[in-house]
Amino acid sequence: MAAVVGSLVRRLLRSGPRPGLCGAGGREPGAAPRRAIGHGQVAVELDSSAGVAVMKMENLPVNSLSLDFLTEFLISLEKLENDRGCRGVILTSGAPKIFSAGLDIMEMYGKSTEHYAEFWKAVQEMWLRLYQSNMVTIAAINGSSPAGGCLMAMCCDYRIMAENPKYSIGLNETQLGIVAPFWFKDTMVNTIGNRATERSLELGLLYSPPEAHKIGLVDQLVPEEKVQSTAAAVMSQWLAIPDHARQITKSMMRKPTVDRLLAHRESDIQNFVSFITKDSIQKSLQMYMEMLKQRRG
Amino acid sequence: MAAVVGSLVRRLLRSGPRPGLCGAGGREPGAAPRRAIGHGQVAVELDSSAGVAVMKMENLPVNSLSLDFLTEFLISLEKLENDRGCRGVILTSGAPKIFSAGLDIMEMYGKSTEHYAEFWKAVQEMWLRLYQSNMVTIAAINGSSPAGGCLMAMCCDYRIMAENPKYSIGLNETQLGIVAPFWFKDTMVNTIGNRATERSLELGLLYSPPEAHKIGLVDQLVPEEKVQSTAAAVMSQWLAIPDHARQITKSMMRKPTVDRLLAHRESDIQNFVSFITKDSIQKSLQMYMEMLKQRRG
Amino acid sequence: MAAVVGSLVRRLLRSGPRPGLCGAGGREPGAAPRRAIGHGQVAVELDSSAGVAVMKMENLPVNSLSLDFLTEFLISLEKLENDRGCRGVILTSGAPKIFSAGLDIMEMYGKSTEHYAEFWKAVQEMWLRLYQSNMVTIAAINGSSPAGGCLMAMCCDYRIMAENPKYSIGLNETQLGIVAPFWFKDTMVNTIGNRATERSLELGLLYSPPEAHKIGLVDQLVPEEKVQSTAAAVMSQWLAIPDHARQITKSMMRKPTVDRLLAHRESDIQNFVSFITKDSIQKSLQMYMEMLKQRRG
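- Per an unreviewed UniProt entry, chain A carries the name Enoyl-CoA delta isomerase 1, mitochondrial and comes from Mauremys mutica.
- Looking at the Pathway (unreviewed entry) heading of the UniProt record, one finds this comment for chain A: "Lipid metabolism; fatty acid beta-oxidation."
- Regarding chain A, the relevant UniProt record gives this comment under Function (unreviewed entry): "Key enzyme of fatty acid beta-oxidation. Able to isomerize both 3-cis (3Z) and 3-trans (3E) double bonds into the 2-trans (2E) form in a range of enoyl-CoA species, with a preference for (3Z)-enoyl-CoAs over (3E)-enoyl-CoAs. The catalytic efficiency of this enzyme is not affected by the fatty acyl chain length."

Written as C-alpha cells, this is what we have:
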C-alpha cells in the first residue's frame, strides 16, 4: 500500500497547488506544517494531551472526494496512524450543511483511462486505510452524507449525526444509474445487515437522521451544536479500552471484508474504468453536470 | 435452465388439461392467450402503460404449489421476463384468505422417484427464477402464507401484507417433522437475519402480521382492501430507479445465495427424494392427509 | 472428541477430590449417582416424565469455568446427551447473583504450557458440545454472565434472564486487555448480528437486562422468581416440535460456525498458549488477582 500512497503523492506534487479549492475555515495558508504537503483541504488538529485528532474536511463547497482531496486525506491519516501520540480520530466537516457529497464527478468525466484507474485506486485506498485504522475513528456527521460520504462514515467505529431534518445519509448510487461497488455493499451489510442493505441499494435510499438511526446506519443523534462535544465524550469512552485488545478485535471483525477487496482489487479497478468510459455513462454524467450548473446558476 | 423449463413444458403438455382445477375468477377459458398453455391457475394481467403485471395465483382452494401450478407459474414468469414492456410484477392470490399454502402434499405421496425429482426440480426452478428476476417483484400478501408460500413472498423485492389477524406467515416445516432446505434457510437469513431465522426454523414459527412486520419478514402492513393499491403505489416508486443499476445491484446482493444452490442442485434433489421416499415420511404424510380429509368432511 | 473427553476424565480422576469447592445447594455428597464422578460442581436433576434435565452450576462462589468444572460439566452433558429419556436441558446457576463469571483466571496464571493447552481444549470442547447439543438447551440466566458465562448462554437455543438491574451480560474481554477468540465472536454475530457484535467486542460491553433484551442478546426478561418456571414453560413449547426435524435444522444453522473452529482448533490452542504465556499478560493477570483479593479483603 505504501507504493500506492507514494504514487498518489507524486501525482499530487506533479499537479501543483490549485488555488480556489482551498481557503475555507479562516486558516492562514502554510501556518500548520501538517498541511504543507496538501492543499489545505483537510485541517488536522491534534490534541496531544488527549491523544485525539480532529480531521476536518474542507474541500468546499461540498467536500467532493477528488483525487487531490483523497491524496491529502490519505497522507494526513497516515501521519496520524504513525504518530504514537494519536490514538483516536474524529472525522468531521468544515463545509456548511454537508459532511461529504461523495466521489467527485469531475474525476469521472472526460479523463484518460489512466486517470480513472488512478482515481479509483485512491478511493479503494481511502476505504482500506479508514476501515482498518488502528486508531479509534468517530464520524461527527454534521451535514448530509450521500454515496462516498456515507461510505466514509460507515468506515468509522462510531457515527454521531446532527438531528437536522434537512440532512440525509445513504448510498444513493442507484438513483443516478450507478451501481455501488461490492465493497461499499459489504461495508453497509456489516453496518445495517443484509435486508436493509438490499432495500437501500436497490432504491438508492437516502435516510433522514431518525430513519438512519432506526436502521442502525448511525449510532447516535444529537442537536447540531453538540455533535463535536459528543464525539469528544464518546472518544474518551473508547480510549478507556486498551489499544492492543481493541485493535486486534477490530481487525478480527473487519479483515474478511478487507481481504475480499484485496483479492479483487485489480478487477475492481478494471470494472470501474470500463464502466465509466462507456459512452452512455459519459453522456449521463455530462447531463448531470449541466443540470447541476443550471441549478446553481 | 431453459432445458428445465422445456422439460416442464413437455410434461405439462403430456398431462393434458385438468378441468376442475381451473374456473376461478370468472374468466372465460381461452380468452386470454397468455393462459392458453397452462390450466388457468395463474391469471396474468399486464398493464402495458405502467409496465406492470399482476400475477394472480388461482390454484383453488389454497394455491398449493403442485407440479402443474409451478410449471404454469414458471412459463408465465418467463414470458413477462422476456417482455420488454414489463418491468415489474405484483404477485398475489385469487384464493380467499390464503396467499399460498406451499408445496402440494399430493406431489410428495405415493409417486415414483422420477416424479419426486421432477417436482423438486420445479420447486428449485421457481425459487431460482423468482429470486433472481430482473423485474421488480412485489408480494401482495392477501392471505396466509406458510412454508413454500412464505418462500415465494421472501423471493420478492418487497412484501406488503394484509393486517388481518387471522393470517399468518412463516416457514413452519419443522412443525410437520420436515426440515426446510438450506436455500429456504438462506433466503430467510437474508431477509430477517441469522438469530430470528434460527428460532423461526427450529420452532417452525408462523407469525401474525404484526409479528412478521416487527422481525422484518414483511415490509409493510395495510388494511386488506388496500393491499393491491399499495402494491401498485410502491411499484411506481421502485420503477423510478433505472432498471439496469437496480438489476445489477439485486444480482450483487443475491448471487452468492443462488450460487450455493446451483453448486448443490443435484445433491439437493437427491436429498429430497431419499427423504420423501422413507416409509416413516410416507406414513406421516398419509396420516396428515387423512387428518385434512376429516377436517373438511 | 471422545478422545478429548477421555483425556479430561483421566485428568480429573488424577487430580482427586477438592473439598471446599463443593457443598452448595444442600445436597448430600454421593446421594445422586450422576454426580459421583465429578466434584459436585454441577447438580443435575432429570425429570423423566417431562424428559427435561436442569443442570445447575454450583462452583461457588461465581461458577468460574475451571478445568475441573468444565470436565464435570462435559461429563454431565454427555450423559444427558446419551440418555434417550432426556430431550431438553435447562442451564442455570446455584450461585447467588451470578450465572457464571467465565473462564477461571487461576487456570491461566503460573501454570505449564501443557496445562494451558489442556484448559483451552476443555473450553473449546464445552462450546462444541453445548452449541451443537441435540437436546433443546435453555439458559435460565439468574445472575450476571460476563465473558465465558455469556458464551455459555449464547450456546443455548433460548435465553431467559432475570430482570434484576444489578445483573449484566456480555463479552467484556477487551476491557481486561484480552481478545475474545474468533469463535466467541462468531457465536455473538450469529446471535445479535455483525454491527452490534463489533461494538460489543471493541468496547467489551456489559449490558443490563433491558439492553441485552433490546439487542437480542437474551430472548426474554422475567422477574427473578419466575426464571425457572418460565424456562420450564418455554421448554415444553420447544419439545412440542419433533426432535429429528429440530435437530437437523439446528445443525444446518450452526454447522458452518462449528466447522470453522474444527478447521482451526490446533492453531486456536497455540494462539491461546502463546498469548497467555507472555510476560506482560502474566503480570496483568497477577495484578488483576491482587486487586480481586484486596476487594474481597
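1. Notes on the overall build of chain A
Working step 1: Looking only at helices and strands, chain A features eleven helices and ten strands.
Working step 2: For chain A, long-range pairs separated by at least 24 residues make up 75% of all intrachain contacts whose partners lie at least 6 apart in sequence.
Working step 3: Here chain A has roughly 12,400 Å² of accessible surface; of this, 55% comes from carbon and sulfur atoms.

2. Topic: the interface of chain A and chain B
Working step 1: Facing the 18 residues of chain A at the interface are 18 residues of chain B.
Working step 2: Interface area, chain A with chain B, both sides summed: about 1,600 Å², of which 63% is carbon and sulfur.
Working step 3: By the criterion of area lost to chain B, the three top residues of chain A are A:V179, A:R195 and A:E202, representing 40% of everything that side buries.
Working step 4: Across the contact surface, chain A and chain B share two salt bridges.

3. Here we look at the relation of the copies chain A and chain B
Working step 1: When chain A is brought onto chain B, the operation consists of a screw motion whose angular component is 120° and whose axial shift is 0.0 Å, with 0.0 Å RMSD remaining. Interpreted geometrically, this transformation is the action of a three-fold axis. Taking the C-alpha atom as reference, chain A places A:G193 closest to the rotation axis, 4.3 Å from it.

4. A few points about the pattern of salt bridges
Working step 1: Going through the model one piece at a time under the given rule, you end up with 42 salt bridges over all chains.
Working step 2: Of the charged contacts in the structure, one is a salt bridge between A:E198 and A:R195, with a shortest N-O distance of 3.0 Å. Of the two residues, A:E198 and A:R195 are both situated in helix α6 (residues 194-203); the distance of three residues between them amounts to about one turn of the helix. Just as A:E198 is buried, A:R195 falls in that class too.
Working step 3: Residue B:R265 pairs with B:E125 through a salt bridge whose shortest N-O separation is 2.7 Å. Taken together, the positions of B:R265 in helix α10 (residues 265-276) and B:E125 in helix α3 (residues 113-131) put the pair 140 residues apart, joining distant regions of the chain.

5. Points about the packing of helix α3 (residues 113-131) of chain A against helix α9 (residues 243-263) of chain A
Residue and element names in this part refer to chain A.
Working step 1: Close contact between α3 and α9 brings their axes to 10 Å; oriented N to C, the two are set at 165°. The angle between α3 and α9 falls in the class roughly antiparallel. The two elements α3 and α9 cross, and the hand of that crossing is left-handed. For the pair α3 and α9, the contacting residues are Q124, W127, L128 and Y131 in the first and K250, R254, T257, V258, L261 and L262 in the second.
Working step 2: Residues that form the contact of α3 with α9 fall into these classes: six nonpolar, two polar and two charged.

6. Considerations on the nonpolar core
Working step 1: Judged by nonpolar contacts, the single largest core of 249 residues is most densely connected at A:F73, B:F73 and C:F73.
Working step 2: Residues within four places of C:F73 in sequence aside, it is in contact with C:V42, C:M55, C:L91, C:M126, C:L130 and C:M152.

7. Here's the deal with the packing of aromatic side chains
Working step 1: Evaluation of the coordinates by the stated rule reveals 24 aromatic pairs over all chains.
Working step 2: Judged by centre distance (5.4 Å) and plane angle (55°), the ring pair of B:W127 and B:W183 falls under tilted. Of this pair, B:W127 sits in helix α3 while B:W183 sits in helix α5 (residues 182-192), placing them 56 residues apart in sequence.
Working step 3: With a relative accessible area of 0%, B:W127 lands in the buried category.
Working step 4: Each residue in the set A:F119, A:W120, A:W127, A:Y131, A:W183, A:F184 and A:F272 is aromatic and connected to the rest through ring pairs, giving one cluster.

8. Examining the confidence of the model for chain A
Residues and elements named next belong to chain A.
Working step 1: Of the residues in chain A, 87% have a pLDDT of 70 or more, and the chain-wide mean is 88.
Working step 2: The low-confidence segment residues 1-38 (pLDDT under 50) makes 58 contacts with residues lying over four places distant or belonging to another chain.
Working step 3: The complex model carries a pTM of 0.89, and its ipTM stands at 0.87.

9. Brief notes about the sheet that holds strand β8 (residues 158-162) of chain C
Residue and element names in this part refer to chain C.
Working step 1: Spatial strand order, β1-β2-β4-β6-β8-β10: six strands in an open sheet with mixed pairing. Two strands lie at the open edges of the sheet, namely β1 (42-47) and β10 (220-222), each paired on one side alone. Pairs of neighbouring strands in the sheet enclose a mean axial angle of 20°, with direction left out of account.
Working step 2: Where β1 meets strand β2 (residues 52-57), six bridges bridge the pair, whose relative direction is antiparallel. Its bridge partner being in β2, L46 is matched across the sheet by A53.
Working step 3: Running over the sheet, helix α8 (residues 227-238) touches β2, β4 (88-93), β6 (136-141), β8 and β10 and is turned about 165° from β6.

10. Brief notes about the side chain of B:D268
Residue and element names in this part refer to chain B.
Working step 1: Note on placement: D268 falls in helix α10.
Working step 2: For D268, which is buried and forms no salt bridge, the nearest opposite charge comes from R265, at a distance of 7.2 Å.
Working step 3: Among the polar contacts made by the side chain of D268, one reaches the side chain of Q124 at a distance of 2.9 Å.
Working step 4: The contacts of D268, once residues within four sequence positions are left out, are W120, Q124, P181, F182, W183 and L261.

11. Looking at the sheet that holds strand β1 (residues 42-47) of chain B
All names here are of chain B.
Working step 1: Taking strand neighbours across the sheet as the criterion, the six strands line up as β1-β2-β4-β6-β8-β10 in an open arrangement whose pairing is mixed. Only two strands of the sheet have a single neighbouring strand rather than two, namely β1 and β10 (220-222). Between one strand and the next, the sheet's axes are offset by a mean angle of 20°, whatever the strand orientation.
Working step 2: Where strand β8 (residues 158-162) lies against β10, three bridges are found, and the strand directions are parallel. Paired with I160 across the two strands is Q220, which belongs to β10.

12. Thoughts on unusual backbone geometry
Working step 1: Following A:L60, the chain continues to A:P61 via a peptide bond in cis, the omega torsion being 5°.
Working step 2: Along the chain, A:P61 turns up in the loop between β2 (52-57) and β3 (64-65).
Working step 3: Of note, the phi angle at B:A147 is positive, near 50°, even though the residue is not glycine.
Working step 4: Tracing the sequence through the fold places B:A147 in the loop between β7 (145-146) and α4 (148-155).
Working step 5: Looking at B:A147, the relative accessible area reads 14%, which means it is buried.

13. Quick look at the environment of A:N142
All names here are of chain A.
Working step 1: By the element assignment, N142 lies in the loop between β6 (136-141) and β7 (145-146).
Working step 2: C-alpha separation for the pair N142 and F99, spaced 43 residues apart in sequence, amounts to 5.8 Å.
Working step 3: Looking at N142, its side chain comes within polar contact range of the side chain of T92, at 3.2 Å.

Calculation rules
Residues numbered from 1 in each chain as written. Chains lettered and ligands numbered in written order. Predicted model: local features only at pLDDT ≥ 70, side-chain atom pairs only at ≥ 80, totals over all residues. Heavy atoms only, no water. UniProt positions renumbered as here; feature names shortened; annotations may be inferred. Helix = DSSP H or I, 4+ residues; strand = E, 2+ residues; numbered from the N terminus. Contact = heavy atoms within 4.5 Å. Areas by Shrake-Rupley, 256 points an atom, 1.4 Å probe, with all protein chains shown as cover. Buried area = accessible area lost by both parts, 1.4 Å probe. Salt bridge = Lys/Arg side-chain N within 4 Å of Asp/Glu carboxyl O. Least-squares fit on C-alpha atoms with pLDDT ≥ 70 in both. Buried < 20%, exposed > 50% of the residue type's maximum accessible area, 1.4 Å probe, protein only. Axes fitted to C-alpha atoms, helices over the stretch in contact; angles between N-to-C directions. Parallel < 35°, antiparallel > 145°, perpendicular 65-115°, else oblique. Left-handed = near helix turned anticlockwise from the far one by under 90°. Nonpolar A, V, L, I, M, F, W, Y, C, P; charged D, E, K, R; others polar. Core = buried A, V, L, I, M, F, W, Y, C linked by side-chain atoms within 4.5 Å. Phe/Tyr/Trp six-rings, centres within 6.5 Å; stacked < 30°, edge-to-face > 60°. pLDDT = per-residue confidence, 0-100. Pairing = 2+ DSSP bridges. Lys, Arg positive; Asp, Glu negative; His and termini not counted. Polar contact = N/O pair within 3.5 Å; in protein donor to acceptor, adjacent residues only side chain to side chain.

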